[in-house]
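Letter by letter, the chains look like this.
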Amino acid sequence: MTTKRMVSLICPVYNEAKCIEAFYEALTAEIERLPEYQFEVICIDDGSDDASLDLLLALAEADSRFKVIELSRNFGKEAALTAGIDVSLGELVIPFDSDLQDPPSLIGRLIQAWEENDVDVVLAKRSNRQVDTLTKRASAAAFYDTYNLLAHIKIPKNVGDCRLMTRDVVEVLKSLPENQRFMKGLFAWVGFKACTIEYIRQVRASGVTKFAGWKLWNFALEGITSFSTLPLRFWTYIGTASALLTVIYAIFIIGRTLIFGIDVPGYASLFVAFLFFGSVQLIGIGILGEYVGRTYIESKRRPTYVIRKTHAWAPGVDNERSNNLHKSTLRAFKAMERS
Ligand code: UDP
Ligand code: MG
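Basis of the calculations
- Residues numbered from 1 in each chain as written.
- Chains lettered and ligands numbered in written order.
- Predicted model: local features only at pLDDT ≥ 70, side-chain atom pairs only at ≥ 80, totals over all residues.
- Heavy atoms only, no water.
- Helix = DSSP H or I, 4+ residues; strand = E, 2+ residues; numbered from the N terminus.
- Rg over C-alpha atoms; globule rule 2.2 N^0.38 Å.
- Buried < 20%, exposed > 50% of the residue type's maximum accessible area, 1.4 Å probe, protein only.
- Contact = heavy atoms within 4.5 Å.
- Areas by Shrake-Rupley, 256 points an atom, 1.4 Å probe, with all protein chains shown as cover.
- Lys, Arg positive; Asp, Glu negative; His and termini not counted.
- Charge placed at Lys NZ, Arg CZ, Asp CG, Glu CD.
- pLDDT = per-residue confidence, 0-100.
- Near = heavy atom within 4 Å.
- Polar contact = N/O pair within 3.5 Å; in protein donor to acceptor, adjacent residues only side chain to side chain.

## A look at the overall build of the protein chain
When its secondary structure is counted, the protein chain shows eleven helices and eight strands. Here the protein chain has a C-alpha radius of gyration of 25 Å; the compact-globule value for 339 residues is 20 Å, and the former is much larger. Across its three principal axes, the protein chain shows a C-alpha extent of roughly 95 × 45 × 40 Å. Within the protein chain, buried positions represent 43% of all 339 residues. Long-range pairs, those at least 24 residues apart, make up 83% of the contacts in the protein chain between residues at least 6 apart in sequence. With an accessible surface of roughly 18,500 Å², the protein chain has 63% of that area assigned to carbon and sulfur atoms. When the 39 positive and 39 negative side-chain charges of the protein chain are each reduced to one mean point, those points stand 5 Å apart.

Structure below.
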């Protein structure tokens, strides 16, 4: 008997109670269309405070393909994805949002693209962001442009977390030691051979986005400061340029004084220069602070997430292998905690 290849779907869930039923229906319809693969759907409850967890547990009870990781609180999407990726067993791994913004038919298309091309990663690019608000589109475009200007390792534009990765890629991803994980950057950092398919992003099945305003801004800062030190170096250039200008200006003033004598007026220009350089210094210190803060947090070596409980690492027919491996994963985690 040949065992089917396993695909792990990693689905972070934070207060998605309204979406879960539709998510289950649509997802199972799609994975049943792909009988040559077996699926494990790892749902990570990221500290939801609505009925999401109960609904997920009911799913896992009824359907052995569904497994639930319950985090001890809300750790954020990046941590939830990390948790799911860490415990996944599939030969192929696909992060998949639980709000149905990425249509489940994408799963079959990603797998097909992987079968047809000699690649390790299949990216899903949003060919059309019409469903996003104008501000979201504009801010996303500004983010990708700024990020790619500053970071060495570019991230592809309009490619979200939804993508197919092989086990090799996932193992490299798991081995990266940082605890603050900007997944899009890490995905790009690991490299490997990739191809891209396009899709149209849908509106949410229900509920509201968890990323808006301030949270999105902080996410962008996290991304940029995690993958580029150019903003730090930038201040060296600004400082050098302004020091040079100051020397030139000083020489000019000395020359003028020697020729024309002492010149008293100049209050306005002094004040402007004083304010300008004061602000430049504050911005520089702020940027330094971003990095020092991040180093500080990272240096504590706190784990990316804490699992309160795993549910239904199920006794299903196909899951014997996953059960064993999962126990070993847990043992590995415990050993890490002790060391
Ligand atoms: N999510 C999460 N933890 C969070 C925020 C979001 O697990 O702290 C999940 C959320 O349930 C969804 C996915 O991450 O499945 C993407 O979030 P959302 O749809 O709010 O983001 P958007 O698609 O608007 O960028
Ligand atoms: Mg969404």
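Picking up where we left off.
## Section: the confidence of the model for the protein chain
The predicted model of the protein chain has a mean per-residue pLDDT of 84, with 91% of residues at 70 or higher. Of all the helices and strands in the protein chain, helix H11 (residues 320-338) carries the lowest mean pLDDT, 46, while strand S4 (residues 92-95) carries the highest, 96. Low pLDDT, under 50, characterises residues 314-329; the predicted model gives this stretch 20 contacts beyond four residues in sequence or across chains.

## What about the environment of Glu171?
Tracing the backbone through its elements, the reader meets Glu171 in helix H6 (residues 167-175). As for Glu171 and Asp86, which are separated by 85 residues in sequence, their C-alpha atoms are 8.7 Å apart.

## Focus: the side chain of Arg163
Mapped onto the fold, Arg163 is located in strand S6 (residues 159-166). Not counting residues up to four positions away in its chain, the partners in contact with Arg163 are Val93, Ile94, Pro95, Leu110, Val122, Leu123 and Phe187.

## Considerations on the site of ligand 1
By nearness alone, 19 residues border ligand 1, and Glu16, Asp46, Asp99, Thr209 and Lys210 come closest of all. Contact distances for ligand 1 include 2.9 Å between an oxygen atom and a backbone N or O atom of Tyr14. Between ligand 1 and Ser98, the relevant distance is 3.0 Å, taken from an oxygen atom to a side-chain nitrogen or oxygen of the residue. Its free accessible area being 530 Å², ligand 1 has 95% of it covered by the protein chains.

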